[in-house]
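The primary structure of each chain is shown beneath.
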Amino acid sequence: MMVNTVRFALVVVGVFGWSMMLPSATQVGLSDKVLVFPYETDFSFVSLIPQKEMGLRAFTLCMRVATELPEDRQIILFAYRTADYDELNVWRESDGRVSFYMSGDGIFFHLPPITTFRTSLCLTWDSRTGLSAFWVDGKRSTYQVYKPGHSIRPKGSILLGQDADKHLGGLEAGQSFVGEMADLNMWDFVLSRSMIQAWHYGHRVPKGNIFDWGTMEYELNGNVMVVDDD
């Protein structure tokens, strides 16, 4: 009788979708796929497993992103946190600006809005000079100088769709990402203008040596969907 009860409980969990709150097994590769975050939640996110440790003194981070959320709604686009610090967080702020933070105060950019039509978004930073810029559809923003000499610490957790206010905890629905993400790649150096523009147009570029969309290891949590990138 107890066995039948347990089986019934498992069936109910499967039918009503509660099982989606459990993390999936690690999966590999998202070539020709897109991540869809359909709802505002405090439990849906994707954990990324980097190919190498995230101890960084320079990087290029690129993704293609689309959302229907209004411009006055804060959105987390990328979150990397160690036990005590937000090492690298990328946001669309509630005033429409796009920002990134490394262990403290952030830096803000006025960019074209992120809308329902997919935007190619890249971010570059070099510790040697502090030069930082966003790239939208292959076009660079004005450079700003941010945290020259800084180093991003390794051994943290990387999330898409949520910002962990503590190490893998403190998730908030009101900051969650709702929309589509695709083609996320990351390098531990600053790509040239020609390489960023080539990536924007879908041409071949060196594979990301931190994240490569086609071979990336990831875990789905909550209501995130993987669908064909039509």
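K.L.:
Which parts of the structure should I look at to understand the confidence of the model for the chain?
P.N.:
Where the model shows low pLDDT, its predicted coordinates should not be examined in detail. In this model, the chain carries a mean pLDDT of 89, and residues with pLDDT of at least 70 account for 87%. Contacts for the low-pLDDT stretch residues 1-21, under 50 throughout, to residues beyond four places or in other chains number nine contacts.

K.L.:
Just to check I follow, could you spell out the sheet that holds strand β13 (residues 157-160) for this structure?
P.N.:
In a beta sheet, neighbouring strands pair by backbone hydrogen bonds and run either parallel or antiparallel. Across the sheet, eight strands lie side by side as β1-β15-β3-β13-β5-β6-β7-β8; this open sheet has antiparallel pairing. In the strand order of this sheet, the two ends are held by β1 (27-28) and β8 (106-109), each with one partner. The pairing of strand β3 (residues 45-49) with strand β15 (residues 217-221) spans five bridges and is antiparallel. Following the sheet pairing, serine 47 is matched in β15 by glutamate 219.

K.L.:
I tried to follow the state of the cysteines on my own but got confused; where do I start?
P.N.:
Each disulfide is one covalent bond, formed between the sulfur atoms of two cysteines. Under the criterion given, the structure shown has one disulfide. Disulfide partner of cysteine 62: cysteine 122, at an S-S distance of 2.0 Å. Residues cysteine 62 and cysteine 122 are joined by a disulfide whose S-S torsion is about 110°; by sign, that bridge is right-handed. In this pair, cysteine 62 is assigned in strand β4 (residues 58-66) and cysteine 122 in strand β9 (residues 119-126), connecting sequence segments 60 residues apart.

K.L.:
Sorry if this is basic, but what is going on with the packing of aromatic side chains here?
P.N.:
Ring pairs (aromatic) are described by centroid distance and by the angle formed between their planes. If you walk through the whole model with that rule in mind, you get seven aromatic pairs. Summarising the aromatic geometry, the rings of phenylalanine 37 and phenylalanine 177 are spaced 5.4 Å apart at their centres and angled 85° between planes, so their arrangement reads as edge-to-face. Taken as a pair, phenylalanine 37 in strand β2 (residues 33-37) and phenylalanine 177 in the loop between β13 and β14 (179-187) lie far apart in primary sequence, 140 residues in all. On the basis of an interplanar angle of 90° and a centroid distance of 6.5 Å, the ring pair of phenylalanine 59 and phenylalanine 100 is categorised as edge-to-face. Here phenylalanine 59, found in strand β4, pairs with phenylalanine 100, found in strand β7 (residues 98-101); they are 41 residues apart in sequence, far enough to count as distant. Of the residues examined, phenylalanine 59 reaches a relative accessible area of 0% and is grouped as buried. Looking at phenylalanine 100, the relative accessible area reads 0%, which means it is buried. Directly above the aromatic system of tryptophan 199 lies the positively charged group of arginine 64, at a separation of 3.9 Å from the ring centroid.

K.L.:
Explanation requested: the nonpolar core in the structure shown.
P.N.:
Most often, soluble globular proteins have nonpolar side chains that are buried together. Phe59, Leu77, Phe78, Phe100, Leu184, Met186 and Phe211 are the most contacted members of the largest nonpolar core, which totals 49 residues. Leave out the neighbours within four places in its chain, and phenylalanine 59 touches Leu88, Phe100, Met102, Leu123, Thr124, Trp125, Ile152, Met186, Trp187, Asp188, Phe189 and Val190. In this structure, Trp187, Leu191, Trp199 and Val205 belong to the second largest nonpolar core, which totals ten residues.

K.L.:
Please clarify how helix α2 (residues 193-200) should be interpreted in this entry.
P.N.:
Working note: α-helix, 3.6 residues per turn, so residues spaced by three or four point in the same direction. Restricting attention to buried positions, one finds in α2 the residues Ile196, Ala198, Trp199 and His200. Tucked into the core, α2 has its buried residues touching β4, β9, β10 (131-136) and β14.

Here is what the cut-offs are and how they apply
- Residues numbered from 1 in each chain as written.
- Predicted model: local features only at pLDDT ≥ 70, side-chain atom pairs only at ≥ 80, totals over all residues.
- Heavy atoms only, no water.
- pLDDT = per-residue confidence, 0-100.
- Contact = heavy atoms within 4.5 Å.
- Pairing = 2+ DSSP bridges.
- Helix = DSSP H or I, 4+ residues; strand = E, 2+ residues; numbered from the N terminus.
- Disulfide = S-S within 2.5 Å.
- Phe/Tyr/Trp six-rings, centres within 6.5 Å; stacked < 30°, edge-to-face > 60°.
- Buried < 20%, exposed > 50% of the residue type's maximum accessible area, 1.4 Å probe, protein only.
- Lys NZ or Arg CZ within 6 Å of the ring centre and 35° of its normal.
- Core = buried A, V, L, I, M, F, W, Y, C linked by side-chain atoms within 4.5 Å.

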